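So you can see what is in the structure, the chains are spelled out below.
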Amino acid sequence: IERLEIRREEIAEELKKDNTQLVQNLLKIKNEVDVLTGANPTERKEPINFTISSKKCIKHFDSDTRENFINDISGKLTTLGRKTDFDDLANIIITLSQSQFTLFSGLPGTGKTSLAKLIGKAMGVQNRLLNIPVARGWTSQRDVLGFFNALSQSFVPSSTGLYDLIEQMQNDSEIGGATSIVLLDEFNLSQPEHYFSPFMEMADSESSRKLYTGDPSKPELKVPEHLRFLGTINHDDSVQTLTPRMLDRASIINFDNLVGQSSMDVSFSSGELEEITETIKGDDFIKLFKAPKSELPSDIASIMDDITKVLHDDNPAFGTQILISY
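Draft legend 1. Representation of the packing of helix H2 (residues 63-79) against helix H4 (residues 112-123) in the model. Two elements in contact, H2 and H4, have axes separated by 9 Å at closest approach and are oriented at 115°. Between H2 and H4 the crossing geometry is right-handed. Every residue of H4 that contacts H2 at Ile73, Lys76 and Leu77 is listed here: Leu115, Leu118, Ile119, Ala122 and Met123. Looking at the contact of H2 with H4 residue by residue, the classes come out as seven nonpolar, no polar and one charged.

Draft legend 2. Quick peek at a nonpolar patch on the surface. Where nonpolar side chains cluster on the molecular surface, the patch consists of Leu296, Ile300, Ile303 and Ile307 and spans about 330 Å² of accessible area. In this fold, isoleucine 300 is placed in helix H12 (residues 298-312).

Draft legend 3. Up close: a negative patch on the surface. A cluster of acidic side chains, namely Glu201, Asp204, Glu206 and Asp248, defines a negative patch on the protein surface. By the element assignment, glutamate 206 lies in the loop between helix H9 (197-200) and strand E6 (210-212).

Draft legend 4. Looking closely at the pairing of strand E1 (residues 101-105). Where burial is concerned, most of E1 is hidden: five out of the five residues are buried. Residues of E1 alternate between two faces, with Phe101, Leu103 and Ser105 on one and Thr102 and Phe104 on the opposite face, all of them buried. Where E1 meets strand E8 (residues 227-233), five bridges bridge the pair, whose relative direction is parallel. For phenylalanine 101, the partnering residue across the bridge sits in E8 and is phenylalanine 229.

What counts and how
Residues numbered from 1 in each chain as written. Predicted model: local features only at pLDDT ≥ 70, side-chain atom pairs only at ≥ 80, totals over all residues. Heavy atoms only, no water. Axes fitted to C-alpha atoms, helices over the stretch in contact; angles between N-to-C directions. Helix = DSSP H or I, 4+ residues; strand = E, 2+ residues; numbered from the N terminus. Left-handed = near helix turned anticlockwise from the far one by under 90°. Contact = heavy atoms within 4.5 Å. Nonpolar A, V, L, I, M, F, W, Y, C, P; charged D, E, K, R; others polar. Patch = residues over 30% accessible without salt bridge, like charges linked within 9 Å, V, L, I, M, F, W, Y side chains within 5 Å. Areas by Shrake-Rupley, 256 points an atom, 1.4 Å probe, with all protein chains shown as cover. Salt bridge = Lys/Arg side-chain N within 4 Å of Asp/Glu carboxyl O. Lys, Arg positive; Asp, Glu negative; His and termini not counted. Charge placed at Lys NZ, Arg CZ, Asp CG, Glu CD. Buried < 20%, exposed > 50% of the residue type's maximum accessible area, 1.4 Å probe, protein only. Pairing = 2+ DSSP bridges.

In structure tokens:
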């Protein structure tokens, strides 16, 4: 019995030493473990509230309503210090409504980003115009959306806020949510086909418009049709060249040919809207400018084919070949 008691004390002492060593080792690797598991010692910030319901309904979807809508936006832009030509503004509004991806192309200083923000303010989308400055080196959807951390079994949203926006838009069909515009500033600073690949196929009418998160608790998110993407692009050595795959899915509005025109000049005097503009429902915005039919008349289709063939011709005598989708 004495020998057993002595041995028990020896084992207890060994366990105590081992336990002390384990605690010391844990303290050394705690920071690394917290990073891997996504543990955050600070209190997580509350996400921005992107839930905006619209009480403004459109009763008639006709040409007069469309013209009044554009004139209303034009008047608000003038109040905000930005005068725009009716045709230029109509082109932008119709393109935003009909296209999943709209790109403002032009030299720096032509007012691409500022006009996009002012149009969002005039439309009353409030913080549903989400401004995302694209960083160089983005390679996948985790940079713009986030990723599922398998160790912590939780989804880690990107700092862009895009995940929170889409998550809060899941109930838009029930509450009549407002239009949302995601402004990707310097869209081609990184290759869009890489970091933006989950959204590329949403330009097709047959798209299911679903994002797969990898999170078992919320495996997929539905991207509403009235979530539109607007990008600003430049053309110099610091940016990526847009491939035909991206050009095929985007509508491009060129600002270079508007430089010097009074219609697009930025005014130095700007006012403020008296109150937050009430926006129409996102579904109504899409329906208001929806094309009545998708098929072109045979004579127009033939002309488009001829133009496309000429642009695709790689004969050096014609200059640089231009790849453009039908």
